[in-house]
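Spelled out from the first residue to the last, the chains are:
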Amino acid sequence: MQKIAFIGLGHMGGPMALNLHKAGFAVSAFDLSAEACQKLADEGVAVAESAATSVAGADVVVSMLPASQHVESLYLGGGDGKVGLLEHIRAGVLVIDSSTIAAGTSRKVAEAASKRGIAMIDAPVSGGTGGAIAGTLTFMVGGEVADLERARPVLEKMGANIFHAGGVGAGQTAKICNNMLLGILMIGTSEALALGVANGLDPKVLSEIMRRSSGGNWALEKYNPMPGVMENAPASKNYAGGFGTDLMLKDLGLAQENAAAVRAATPLGGLARNLYAAHSLAGNGLLDFSSVIKLVQKG
Ligand code: NAD
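What you are looking at is a predicted structure, and each value in this text was computed from that prediction instead of being measured.

Rules and cut-offs
Residues numbered from 1 in each chain as written. Predicted model: local features only at pLDDT ≥ 70, side-chain atom pairs only at ≥ 80, totals over all residues. Heavy atoms only, no water. Buried < 20%, exposed > 50% of the residue type's maximum accessible area, 1.4 Å probe, protein only. Helix = DSSP H or I, 4+ residues; strand = E, 2+ residues; numbered from the N terminus. Arc of directions from axis to C-beta. Contact = heavy atoms within 4.5 Å. Domains from an automatic or database assignment. Buried area = accessible area lost by both parts, 1.4 Å probe. Salt bridge = Lys/Arg side-chain N within 4 Å of Asp/Glu carboxyl O. Polar contact = N/O pair within 3.5 Å; in protein donor to acceptor, adjacent residues only side chain to side chain. Axes fitted to C-alpha atoms, helices over the stretch in contact; angles between N-to-C directions. Parallel < 35°, antiparallel > 145°, perpendicular 65-115°, else oblique. Left-handed = near helix turned anticlockwise from the far one by under 90°. Pairing = 2+ DSSP bridges. Phe/Tyr/Trp six-rings, centres within 6.5 Å; stacked < 30°, edge-to-face > 60°.

Visitor: Give me helix H4 (residues 68-76): which residues, what numbers.
Guide: Considered for burial, the residues of H4 that qualify are Ser68, Val71, Leu74 and Tyr75. One face of H4 carries all of its buried residues, which in axial projection span an arc of 140 degrees. Residues of H4 that are buried sit in contact with strand S1 (3-7), helix H3 (51-54), strand S4 (60-63), strand S5 (94-97), helix H5 (103-115) and strand S6 (119-122). Of the residues trailing H4, Gly77 is marked for its positive phi of about 90 degrees.

Take a look at the structure:
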C-alpha cells in the first residue's frame, strides 16, 4: 500500500486527505492547527506529530497550504535557521503541491527538490470545498508528464478532471488565468442582475433569460450572486462557505504580479482585484466572493 503524507488539513486539504484515506492509502496527516488534526483523527486518519514525521517512509507527499510563503518556508525552511522539509524527504519521492501560489515559487521549490532527487509537480485545484468533499476537483498540473502519470492514481481519488498545463509552474498559471476570468465574470453578472432588479425585474426571471442567452456563464449556471435565486448557492446562505473574498483577492493579486512580470495587459483583472480589495476592506473578506454584488446593489 502506498504511504501518503498530507500536509495542510484546512477547508480543502481536510476532505482531500480524507478521500485518500477512504480510497485505501495509508495517510499520515499533519497541520499546524490542532483542531484541523483532530477533525481528521476523528475520521480515523493517522495524524503525525510534525511535518517531518509525517513524511517518514512516505512514497508521495501532498501539500495544501494557504499561500506562497507557507509553501516556501515548509519545504525550504526559514531565515530563522529552520530546516526545510525537503531535507526529511528521501530521494525518489513524489511531491504534489496543490496550494494556489505564485508560479515562480512553485519553480523555486521544484528546483530545490530536483537537486535532492525529489520530483515535484504543482497541481492547484478548482471546484471549491464542495468538489474537495465530493472528490470531483479539477487539477491543473505543471511538471514532467512522467511525474503527472505517477501522481494520477492519487489525484484520481480527489478529482474528476486532470489537465497537464505544461512544465513546472504552468498549473499555477492556468489556475490564476481561470480565477481572473471567474472574478471578472462574477462582477459583470452582479452588475447586470443589479441593473435589472433596479428596473423592477424579478432576479430569477432575469437570471434564466441571461443564462439561456448570449450572457450565459458559470456564475448564472451554478453560483448566482443574488440571494434567493439559487437555493444552494452561498448567496442564499448569507454568503457563508464557498470561496472567500480574500482567497479571490489573493488569486487576483497573483494574476497581477504575473501580468507585470510578462508585461501582459489585464485591465479588467486589475480593476476586479481593486473591487474585491475594497469589498474586503469593508469587512467582507471572509464572505463568499459572490458577495461582491453588495458593491453594486441598492442598500
Ligand atoms: P485553509 O486556510 O482552510 O487551510 C490551510 C491549512 O494549512 C490551515 O489549516 C493551516 O493551519 C495549514 N498550514 C499552514 N501552514 C502550515 C504548515 N507549515 N504546516 C502544516 N500546516 C500548515 O485554506 P484552504 O481553503 O484549504 O485553501 C488551501 C489552498 O487551496 C489555498 O492556496 C487556496 O487558495 C486554494 N483553494 C481554495 C479553495 C476554496 O474554495 N477554499 C478552492 C480552490 C483552491
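Visitor: Describe in detail the domain arrangement of the chain, supporting the description with residues and values.
Guide: Domain boundaries assigned for the chain yield domain 1 (3-167) and domain 2 (173-295). One C-alpha centre belongs to domain 1, the other to domain 2, and the line joining them spans 28 Å. Counting residues at the interface gives 12 residues for domain 1, matched by eight residues for domain 2. Both sides together, the interface formed by domain 1 and domain 2 hides about 740 Å², and carbon and sulfur atoms give 62% of it. Its largest share of buried area at the contact with domain 2, domain 1 owes to Thr100, Ala103 and Met140, together 48% of the area lost on that side. Taken together, the links from domain 1 to domain 2 amount to zero salt bridges. At the boundary of domain 1 and domain 2, one finds three residue pairs in polar contact (both at pLDDT 80 or more).

Visitor: Give a detailed account of the packing of helix H8 (residues 170-198) against helix H9 (residues 203-211), specifying residues and quantitative values.
Guide: Two numbers describe how H8 lies on H9: the axes approach to 10 Å, and their chain directions differ by 135 degrees. Regarding the angle of H8 to H9, the classification is oblique. Both H8 and H9 take part in a crossing whose hand is right-handed. Taken together, the residues of H9 that come into contact with H8 (itself represented by Ala192, Leu193, Gly196 and Val197) are Pro203, Leu206, Ser207 and Met210.

Visitor: Go over the pairing of S4 with me, naming the residues and quoting the values.
Guide: Every second residue of S4 is oriented toward a common face, with Val60 and Val62 on one face and Val61 and Ser63 on the other, all of them buried. Relative to S4, S1 is paired through four bridges, and the arrangement is parallel. Each residue of the ladder has a partner; that of Ile7, found in S4, is Ser63.

Visitor: Quick rundown of unusual backbone geometry? Include the residues and the values.
Guide: Residues other than glycine seldom take positive phi values, yet Asn238 does so here, at roughly 55 degrees. As for its placement among the helices and strands, Asn238 is situated in the loop between helix H10 (218-222) and helix H11 (245-262). Asn238 sits in the exposed class, given a relative accessible area of 68%. The backbone phi angle of Arg263 is positive, close to 55 degrees, even though this residue is not glycine. Inspection of the secondary structure puts Arg263 in the loop between H11 and helix H12 (267-284).

Visitor: Give a description of the packing of aromatic side chains that names residues and reports values.
Guide: Counted according to the given criterion, the structure contains four aromatic pairs. Seen in terms of ring centroids, Tyr223 and Phe289 are 5.5 Å apart; in terms of plane orientation they differ by 35 degrees. Their pairing is tilted. On the criterion of sequence distance, the pair formed by Tyr223 in the loop between H10 and H11 and Phe289 in the segment after H12 is long-range, its members being 66 residues apart. Here Phe289 falls in the buried class, since its relative accessible area comes to 1%. Summarising the aromatic geometry, the rings of Phe243 and Phe289 are spaced 5.8 Å apart at their centres and angled 75 degrees between planes, so their arrangement reads as edge-to-face. Taken together, the residues span a long stretch of sequence, with Phe243 in the loop between H10 and H11 and Phe289 in the segment after H12 at a distance of 46 residues. An identical accessibility class is assigned to Phe243 and Phe289; each is buried. Ring-pair connections join several aromatic residues into one group, and the members of that group are Trp218, Tyr223, Phe243, Tyr276 and Phe289.

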